[in-house]
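Observations on the three-dimensional arrangement
This is what each chain is made of:
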Amino acid sequence: QVQVVESGGGLVQPGGSLRLSCTASGSIFSINAMGWYRRAPGKQRELVARITGGGETGYADSVKGRFTISRDNAKNTVYLQMNSLKPEDTNVYYCNIIATTYRYTDVFWGQGTQVTVSS
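Residues numbered from 1 in each chain as written. Predicted model: local features only at pLDDT ≥ 70, side-chain atom pairs only at ≥ 80, totals over all residues. Heavy atoms only, no water.

Focus: the overall build of the protein
Rules: Helix and strand labels come from DSSP, where a helix needs a run of H or I of at least four residues and a strand needs a run of E of at least two; each type is numbered from the N terminus. We compute the radius of gyration from the C-alpha atoms alone; for a globule the expected value is 2.2 Å times N to the 0.38, where N is the number of residues. Burial status follows relative accessibility: with a 1.4 Å probe on protein chains alone, a residue under 20% of its type maximum counts as buried, one over 50% as exposed, and anything between as partly exposed. By the convention used here, residues are in contact when the closest approach between their heavy atoms is within 4.5 Å. The accessible surface values rely on the Shrake-Rupley method and a 1.4 Å probe; as for residues, cover is taken only from the protein chains in view.
Looking only at helices and strands, one finds zero helices and 11 strands in the protein. Going residue by residue from the N terminus, the α and β elements of the protein occur as β-β-β-β-β-β-β-β-β-β-β. Whereas a compact globule of 119 residues would reach a radius of gyration of roughly 14 Å, the protein reaches 14 Å, a difference of no more than 12%. Principal-axis analysis of the C-alpha atoms gives the protein an extent of 45 × 25 × 25 Å. Burial statistics for the protein: of 119 residues in total, 39% are counted as buried. A separation of at least 24 residues holds for 54% of the contacts in the protein among residues at least 6 apart in sequence. Accessible surface computed for the protein: about 6300 Å², of which carbon and sulfur atoms make up 47%.

Listed below in structure tokens is the structure:
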């Protein structure tokens, strides 16, 4: 099975920065796309940022200009650099990876990492 491990969350003051990291391990042939989601209680899941296998990126309107998604294919790792953080960014952030293994292409999720923006 593919393992997806997230790190980098924590408590930060408004205007501060955090960098989330997500690393996939296991029998991965290639990564087709990677993304970061967040879901507040009682709300729908929101795609925060994604990056395709070709390097194309996309962002939710609420984070454009503040967040940057990047990847390191050699390490099977995706990052989310979060700058100018706002209290409304507080959430659990989940890493999502669409990967091709030796057998199939499937979606894999990280365990989630808590981001809290507060004074």
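Quick look at the sheet that holds strand S1 (residues 3–7)
Cut-off, in case you're wondering: Criterion used throughout: strands pair if DSSP finds at least two bridges between them. Here, axes are lines fitted to C-alpha atoms. For helices the fit covers the stretch in contact, and angles between N-to-C directions go from 0 to 180 degrees.
Read across the sheet, four strands follow the order S1-S3-S8-S7 without closing on themselves; strand pairing throughout is antiparallel. On the outer flanks of this sheet lie S1 and strand S7 (67–72), each paired with one strand and no other. Put simply, the sheet's adjacent strands are angled 15° from each other on average, direction ignored. Alignment of strand S3 (residues 18–25) against strand S8 (residues 77–82), held across six bridges, turns out to be antiparallel. Its bridge partner lying in S8, leucine 18 is registered against methionine 82.

A look at the packing of aromatic side chains
How we decide: The criterion for an aromatic pair is that two Phe, Tyr or Trp rings (for Trp, the six-membered ring) have centres within 6.5 Å, with stacked assigned to planes under 30 degrees apart, edge-to-face to planes over 60 apart and tilted to the rest. Either the NZ atom of lysine or the CZ atom of arginine qualifies as a charge over a ring when it sits within 6 Å of the ring centre and within 35 degrees of the ring normal.
Applying the stated rule across the entire model yields one aromatic pair. Directly above the ring of tyrosine 79 sits arginine 19, whose terminal nitrogen or CZ lies 4.0 Å from the centroid. The residue whose ring lies beneath arginine 45 is tyrosine 37, and the NZ or CZ to ring-centre distance is 4.8 Å.

Digging into unusual backbone geometry
Working note: non-glycine residues mostly have negative phi, and peptide bonds are mostly trans. One non-glycine residue, asparagine 76, lies in the positive phi region at around 50°. With respect to the element layout, asparagine 76 can be found in the loop between S7 and S8.

Here we look at the state of the cysteines
Note on terminology: disulfide describes a covalent bond linking the sulfur atoms of two cysteines. Cut-off, in case you're wondering: When two cysteine sulfur atoms are found within 2.5 Å, that pair is recorded as a disulfide.
Throughout the structure, instances matching the rule amount to one disulfide. Between the sulfur atoms of cysteine 22 and its disulfide partner cysteine 95 the distance amounts to 2.1 Å. Disulfide cysteine 22 to cysteine 95: torsion about the S-S bond roughly -85°, handedness left-handed. Taken together, the residues span a long stretch of sequence, with cysteine 22 in strand S3 and cysteine 95 in strand S9 (residues 91–101) at a distance of 73 residues.

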